[in-house]
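Coordinate inspection notes
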Amino acid sequence: MHEMGIILHLAKSLEETAKEQQIEKILRVTLQVGEVSGIMTDYFTDCWNYFRKRHPVLETAELELETIPAVTFCSACERNYPTVQYGRECPYCHSGETWLIRGNECIIKEIEVE
Amino acid sequence: MRIIELKETVTASNDRDAQVLREELQGKGTLLVNLMASPGAGKTTLLERTIRDMKDRFHIAVMEADVDSDVDAVRIEKLGAKAVQAHTGGMCHMDAGMTRRALEELGEEAFDLVVLENVGNLICPAEFDTGAGKKVMLLSVPEGDDKPLKYPLMFTVSDVLILTKTDVAPYFDFDFEACKRRARGLNPNIEIFEVSAKTGAGFDAWEEWLARAILENKGN
């Protein structure tokens, strides 16, 4: 839904890094995307391919996406469980007092440069 | 060829810009409120009544963010408050850079309160820090009490939840207690108000909170 907005910020962060470190071309960008971050990866890649052509330093940068599995913590029985499989209700004790501890992030892990 | 580890969130550059803007505004004694809700929840209507009630006490401006048109800015200007229309260029949210540009449009006047009426949307605006000192969200009775379950991030990041259109509650099955319990489950510190812009019910408590936030922002 907001993939283009995220791409704009990603591009800005990368251009700042390139300027600071005097990088002329970025060849690969690796992002870590949480399973429940709400980012649609196909659409995200399309947006990136559209966008990078307008920025000389990013033009050659392929986007690589790594998925971070989502994990929820149950504060009633203090156990972790996979969010996507079980949702909000703890599969062990059926409590609803649960919190997402990982899986909604979008992190620039690393870039490969010339 | 070499690899550079960055390990920073994609929106890191926006988060930095937002923090700089927040500190600048606080230094000027201007409280920026990021007002968020779905389309039609009553953001502009809430603002109209709030401005009418508070404009003699505080100098208020509004930045209307929309994908297109200026109908909301026109409504605010009719009340005598300064309003600017920011177009997001098709984007579903405002970020810190767009907010800074809209603030520049407001000019050099010193405002006690600037309200950013964000794009009508319960998802994207929650993800982008605009530099606001306070985040206020609305949920209207016709939308339903299950919204904290469906859009948890918005309820998690907001300082205040205003339940609007309470005058139509008899016609809907909106469970106020269930809604509040769900919102507090996500965000134990969230302040919750119930208002009707039609009857004026509940506005005293909300405006008292807002006045206190404006004064606290000035260090009073």
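Topic: the overall build of chain A
Each helix and strand counted, chain A has three helices and six strands in total. When the helices and strands of chain A are read in sequence order from the N terminus, they spell out α-β-α-β-β-β-α-β-β. In terms of overall size, chain A is more extended than a compact globule, its C-alpha atoms giving a radius of gyration of 18 Å where 114 residues would be expected to give roughly 13 Å. Looking at chain A as a whole, 44% of its 114 residues are labelled buried. Considering only intrachain contacts with a sequence separation of at least 6, the fraction spanning at least 24 residues in chain A is 69%. Approximately 6200 Å² of chain A is accessible, and the part contributed by carbon and sulfur atoms is 48%. When the 11 basic and 19 acidic side-chain charges of chain A are each reduced to a single mean position, those positions are 2 Å apart.

A word on the interface of chain B and chain A
You'll often see interface size given as the accessible area lost when the parts meet. On the chain A side, the residues contacting the 28 residues of chain B number 31 residues. Both faces combined, the contact of chain B with chain A buries some 2500 Å², and carbon together with sulfur accounts for 60% of it. By the criterion of area lost to chain A, the three top residues of chain B are Ile-4, Leu-6 and Val-10 of chain B, representing 25% of everything that side buries. If you look at where chain B meets chain A, you find two salt bridges. Put simply, Asp-17 of chain B and Lys-12 of chain A hold a salt bridge, and the shortest N to O gap is 2.6 Å. For the side of chain B that touches chain A, the secondary structure elements donating two or more residues are β1 (2–9), α1 (12–28), α5 (124–127) and α8 (176–186) of chain B.

Concerning the sheet that holds strand β2 (residues 62–68) of chain A
Read from one edge to the other, the open sheet built from four strands follows the order β2(A)-β1(A)-β6(A)-β1(B), with strand pairing classed as mixed. Taken across any chain shown, the strands that pair with only one partner, and hence form the sheet edges, are β2 of chain A together with β1 of chain B. Going from strand to strand, the sheet's axes swing by 20 degrees on average, the running direction of each strand aside. Two strands pair when backbone bridges link them, and strand β6 (residues 106–113) of chain A and β1 of chain B are joined in this way by six bridges, in the antiparallel orientation. Counted as the bridge partner of Ile-111 of chain A is Ile-4 of chain B from β1 of chain B. Here helix α2 (residues 41–52) of chain A sits on the sheet in contact with β1 (26–34) and β2 of chain A, set at roughly 155 degrees to β2 of chain A.

Remarks on the packing of helix α1 (residues 3–20) of chain A against α1 of chain B
Two elements in contact, α1 of chain A and α1 of chain B, have axes whose closest approach is 7 Å; the angle formed by their N-to-C orientations is 85 degrees. The angle between the axes of α1 of chain A and α1 of chain B places the two elements in the roughly perpendicular class. Taken together, the residues of α1 of chain B that come into contact with α1 of chain A (itself represented by His-9, Lys-12, Ser-13 and Glu-16 of chain A) are Ser-13, Asn-14, Arg-16 and Asp-17 of chain B. Per-class residue counts for the contact of α1 of chain A with α1 of chain B are no nonpolar, four polar and four charged.

As for empty space enclosed by the protein
If a probe the size of a water molecule is rolled over the atoms, the empty space left behind becomes visible. Residue and element names in this part refer to chain B. Under the criterion given, the structure shown has one cavity of 30 Å³ or more. Estimates place the volume of the largest cavity at around 80 Å³. What lines the largest cavity is Val-33, Leu-35, Leu-46, Leu-47, Thr-50, Ile-51, Ile-60, Leu-113, Val-115, Val-136, Trp-206 and Leu-210. If you tally residues by element for the lining of the largest cavity, the top one is helix α2 (residues 43–54), at four residues. Residues of the lining of the largest cavity, tallied by class, amount to eleven nonpolar, one polar and no charged.

Digging into the side chain of Glu-3 of chain A
Residue and element names in this part refer to chain A. For Glu-3, the position within the fold is in helix α1. No salt bridge is formed by the buried Glu-3; the nearest opposite charge belongs to Arg-54, separated by 17 Å. For Glu-3, the side chain forms a polar contact with the main-chain nitrogen of Met-40, separated by 2.8 Å.

Structural notes on the layout of surface pockets
Looking at the largest pocket, its volume works out to about 1100 Å³. Contributing to the lining of the largest pocket are 31 residues, with Arg-88 of chain A together with Leu-149, Pro-152, Leu-153 and Leu-186 of chain B lying nearest its centre. Elements that contribute at least two residues to the lining of the largest pocket include exactly β5 (98–102) of chain A together with α6 (147–150), α7 (152–157) and α8 of chain B. Partitioned by chemical class, the residues of the lining of the largest pocket number 13 nonpolar, eleven polar and seven charged.

Rules and cut-offs
- Residues numbered from 1 in each chain as written.
- Chains lettered and ligands numbered in written order.
- Predicted model: local features only at pLDDT ≥ 70, side-chain atom pairs only at ≥ 80, totals over all residues.
- Heavy atoms only, no water.
- Helix = DSSP H or I, 4+ residues; strand = E, 2+ residues; numbered from the N terminus.
- Rg over C-alpha atoms; globule rule 2.2 N^0.38 Å.
- Buried < 20%, exposed > 50% of the residue type's maximum accessible area, 1.4 Å probe, protein only.
- Contact = heavy atoms within 4.5 Å.
- Areas by Shrake-Rupley, 256 points an atom, 1.4 Å probe, with all protein chains shown as cover.
- Lys, Arg positive; Asp, Glu negative; His and termini not counted.
- Charge placed at Lys NZ, Arg CZ, Asp CG, Glu CD.
- Buried area = accessible area lost by both parts, 1.4 Å probe.
- Salt bridge = Lys/Arg side-chain N within 4 Å of Asp/Glu carboxyl O.
- Pairing = 2+ DSSP bridges.
- Axes fitted to C-alpha atoms, helices over the stretch in contact; angles between N-to-C directions.
- Parallel < 35°, antiparallel > 145°, perpendicular 65-115°, else oblique.
- Nonpolar A, V, L, I, M, F, W, Y, C, P; charged D, E, K, R; others polar.
- 1 Å grid on protein atoms, 1.4 Å probe; cavity = no way out; pocket = protein on both sides within 12 Å on 5 of 7 lines; lining within 4 Å.
- Points joined across faces, edges and corners; volume = space filled by probe spheres on them.
- Polar contact = N/O pair within 3.5 Å; in protein donor to acceptor, adjacent residues only side chain to side chain.

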